[in-house]
Amino acid sequence: MNKEGTDKRKVHLVLGSGGARGIAHIGVIEELEQQGYEIIEVIGCSMGAVVGGIYAAGHLPEYKEWLMSLSKKDVFDLLDFTFTKQGFVKGEKLFSKHLEVTGLQNIEEFNIPFTAVATDMKHNEEVHFTSGELYKALRASVSIPGVFVPVVDGNRILVDGGVLNPLPVNLVKKQEDAMVVAVDVNGKIIPDVDEVSASTSDPEDKQEEEDRLKKWFDDLIPDALHEYREKLENEKNNRPSFSLFELMDSTFSFTQDRLTDLMIQMYKPDHLITIPRNTCDTFDFHEAEMVIDQGRKFYHSSMDSKEEA
């Protein structure tokens with residue numbers, strides 16, 4: 001580790017996508033700063049772009065405070081549900097809160113260079129926001145396909161950067177005297193982490209939330225689909241079942257995992273910090289305190305072992 005009085009070690013920080021698990025990036029950033037590292041560049045995708053962008057804008061403490069104040073009801077109320085062929089969450093209520101935290105900011109004015117990665121579905125290509133409004137960049141980068149309504153920007157239709165590049169290590173503008181630290185929040189499941197996450201949740205609250213979501217989905221499903229689902233349930237076979245959201249989330253995650261593995265193989269970071277996938281679910285933003293602690297924990301399990309080696 002860096003000793004007090006020595007020059008700071010410089011870090012290019014790459015923050016990956018992963019829904020609420022991306023809150024763990026806050027713990028990693030705090031530990032890097034506490035250990036005396038200087039973050040000279042931030043590149044983020046989806047929730048990694050949100051945390052990284054707000055950090056580069058100088059408002060991470062306020063954002064952390066807001067996240068840690070959220071209850072399950074607060075999170076649900078922030079999801080402005082809609083029913084379109086493009087997605088079922090508008091995202092305007094959620095990101096208006098982000099705007100309250102940061103105010104109107106332009107990326108090119110940051111002291112720390114920042115890049116947010118999104119995907120242009122119309123032209124099948126990555127979009128790298130290195131200038132312009134932070135709000136627009138973050139809103140585009142986090143638009144999970146099928147969940148959030150995409151951002152229309154001119155002739156581009158922008159969705160989550162994780163579609164093409166969930167851990168954008170390749171975008172680092174490497175300096176010789178700096179190291180690359182990448183944070184993947186979609187790591188392998190660790191049973192102990194699942195126990196920690198489950199222990200922080202009230203079973204009755206969780207059931208109430210699930211019932212509310214189920215009712216909302218059921219109201220959208222045509223009667224014919226209800227009948228078909230009942231027919232399948234009545235067959236009483238042993239096939240595993242998935243909800244619509246679980247199926248969408250798992251499919252997207254599997255694709256991200258493969259792309260992340262390929263990116264790491266091609267552009268090996270100096271340090272890879274991996275947060276287990278079962279730390280929390282995609283929309284568990286009310287678990288902020290626990291998730292930040294997990295970020296700190298896995299920061300040390302990776303960085304400390306590498307330093308000792």
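K.L.:
Could you give an account of helix 5 (residues 92-102), naming the residues involved and the relevant values?
P.N.:
Among the residues of helix 5, those classed as buried are Leu 94, Phe 95, His 98, Val 101 and Thr 102. Taken end-on, helix 5 shows its buried residues confined to a sector of 100 degrees, consistent with a single buried face. Along its buried surface, helix 5 packs onto helix 2 (47-56), helix 3 (60-68), helix 4 (72-78) and helix 6 (134-141).

K.L.:
Describe the side chain of His 12, naming the residues involved and giving the relevant values.
P.N.:
Assignment of secondary structure puts His 12 in strand 1 (residues 10-15). Non-local contacts of His 12, meaning those with residues more than four positions away in its chain, are made with Ile 40, Glu 41, Val 172, Lys 173, Lys 174, Gln 175, Ala 178, Met 179, Val 180 and Val 181.

K.L.:
Help me get a handle on a nonpolar patch on the surface, residues and values and all.
P.N.:
A contiguous nonpolar surface patch, about 270 Å² in accessible area, is contributed by Met 121, Val 152 and Ile 157. Along the chain, Val 152 falls in strand 5 (residues 151-153).

K.L.:
Lay out the pairing of strand 1 with the relevant residues and their values.
P.N.:
The element strand 1 is largely enclosed, with a buried count of five among its six residues. Where strand 1 meets strand 2 (residues 38-45), six bridges bridge the pair, whose relative direction is parallel. Bridged to Val 11 within strand 2 is Ile 39. Considered for its hand, the β-α-β crossover made up of strand 1, helix 1 (residues 24-34) and strand 2 is right-handed. Strand direction decides the pairing type here: strand 1 and strand 7 (residues 178-187), joined by six bridges, are parallel. Bridged to Lys 10 within strand 7 is Ala 178.

Cut-offs used in this document
Residues numbered from 1 in each chain as written. Predicted model: local features only at pLDDT ≥ 70, side-chain atom pairs only at ≥ 80, totals over all residues. Heavy atoms only, no water. Buried < 20%, exposed > 50% of the residue type's maximum accessible area, 1.4 Å probe, protein only. Helix = DSSP H or I, 4+ residues; strand = E, 2+ residues; numbered from the N terminus. Arc of directions from axis to C-beta. Contact = heavy atoms within 4.5 Å. Patch = residues over 30% accessible without salt bridge, like charges linked within 9 Å, V, L, I, M, F, W, Y side chains within 5 Å. Areas by Shrake-Rupley, 256 points an atom, 1.4 Å probe, with all protein chains shown as cover. Salt bridge = Lys/Arg side-chain N within 4 Å of Asp/Glu carboxyl O. Pairing = 2+ DSSP bridges. Right-handed = clockwise from strand over helix to strand, strands pointing away.

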